[in-house]
Amino acid sequence: MLRSQRLAVVLALEERKEKEALEHMGKARELVEQHNEQVGNLNRYQQEYRDQIRNSQHGVVPVSRLQAWQAFIAQLDQVILQQQKQLDQAEAVFDARRQEWQRAWERRRGMEKYIETCRQQESRAQDLQEQKLSDEAAGRAFARRRR
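The structure contained in this document is the topic of the report that follows. Quick caveat: nothing in here was measured; it's all calculated off a predicted structure.

## What about the overall build of the protein?
Summing up its helical and strand segments, the protein has two helices and zero strands in all. Against the globule reference of 15 Å for 147 residues, the protein gives a C-alpha radius of gyration of 34 Å, more extended than a compact globule. Along the first, second and third principal axes, the C-alpha set of the protein runs to 130 × 20 × 15 Å. Of all 147 residues assigned to the protein, the portion counted as buried reaches 21%. Surface accessibility of the protein: about 11400 Å² in total, with carbon and sulfur atoms responsible for 50%. Taken as two groups, the 27 positive and 23 negative side-chain charges of the protein have centres that lie 9 Å from each other.

See the structure below:
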């Protein structure tokens, strides 16, 4: 069996690893998008709440109500910070998965190039073998004619 044919098994393995890495990267990207959407939703909600507070302050507002609003906004700030941390972590995981996929892609591509080089060498070796056989046959035919 030719080397290029034996290496097809290795190439299939590298292709499978690349596909798995791509799937992991896709899942990590989805998680980033989910966290990003949640941060955006929380920021919009907080801004809407602040706008409602501003709009409702046309008259005298009890101190207890102002304190409750401030406490709620502080809670929202904490939730947004937590969600932002989760987003940052998800982005770090995505970057790691992207790098893993990049390495898997490079390994697969390198194996494809190596197999192609093997095929070219095998083809040249076969051509040389055929040329040698042809030359030997021509030499024998020439020797027979000279007798």
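Anyway, onward from the coordinates.
## Topic: the packing of aromatic side chains
Evaluated as defined, the whole model comprises three aromatic pairs. What links up through ring pairs into an aromatic cluster is the set Tyr-45, Tyr-49 and Phe-72.

## Here's the deal with the nonpolar core
Of all hydrophobic cores here, the largest spans seven residues; its members are Met-25, Ala-28, Val-32, Val-39, Leu-87, Ala-90 and Phe-94. When contributions to this core are tallied by element, the ones reaching two or more residues are helix H1 (3-56) and helix H2 (63-146). Contacts of Val-32, omitting those with residues within four sequence positions, involve Leu-87, Ala-90, Glu-91 and Phe-94.

## Focus: the environment of Leu-66
Mapped onto the fold, Leu-66 is located in helix H2. Distance in space between the C-alpha atoms of Leu-66 and Ala-92 is 39 Å, their sequence separation being 26 residues.

## A closer look at a positive patch on the surface
Residues Arg-140, Arg-144, Arg-145 and Arg-147 make up a contiguous surface patch of positive charge. Its location among the elements puts Arg-144 in helix H2.

## Thoughts on the environment of Val-10
Within the element layout of this structure, Val-10 appears in helix H1. In the structure, Val-10 is positioned 127 residues away from Ala-137 in sequence and 39 Å away in space, judged by C-alpha atoms.

## Structural notes on H1
The end-to-end C-alpha separation of H1 is 79 Å, in line with the 80 Å expected for 54 residues at 1.5 Å each. The largest bend in H1 is about 30°, located at Val-9.

## With respect to the side chain of Gln-83
Mapped onto the secondary structure, Gln-83 falls in helix H2. When neighbours within four sequence positions are excluded, Gln-83 is seen to be in contact with His-35, Gln-38, Val-39 and Leu-42.

Scoring rules and cut-offs
Residues numbered from 1 in each chain as written. Predicted model: local features only at pLDDT ≥ 70, side-chain atom pairs only at ≥ 80, totals over all residues. Heavy atoms only, no water. Helix = DSSP H or I, 4+ residues; strand = E, 2+ residues; numbered from the N terminus. Rg over C-alpha atoms; globule rule 2.2 N^0.38 Å. Buried < 20%, exposed > 50% of the residue type's maximum accessible area, 1.4 Å probe, protein only. Areas by Shrake-Rupley, 256 points an atom, 1.4 Å probe, with all protein chains shown as cover. Lys, Arg positive; Asp, Glu negative; His and termini not counted. Charge placed at Lys NZ, Arg CZ, Asp CG, Glu CD. Phe/Tyr/Trp six-rings, centres within 6.5 Å; stacked < 30°, edge-to-face > 60°. Core = buried A, V, L, I, M, F, W, Y, C linked by side-chain atoms within 4.5 Å. Contact = heavy atoms within 4.5 Å. Patch = residues over 30% accessible without salt bridge, like charges linked within 9 Å, V, L, I, M, F, W, Y side chains within 5 Å. Salt bridge = Lys/Arg side-chain N within 4 Å of Asp/Glu carboxyl O. Expected span 1.5 Å × (residues − 1). Bend = angle between axes of the 7 residues up to and from the residue.

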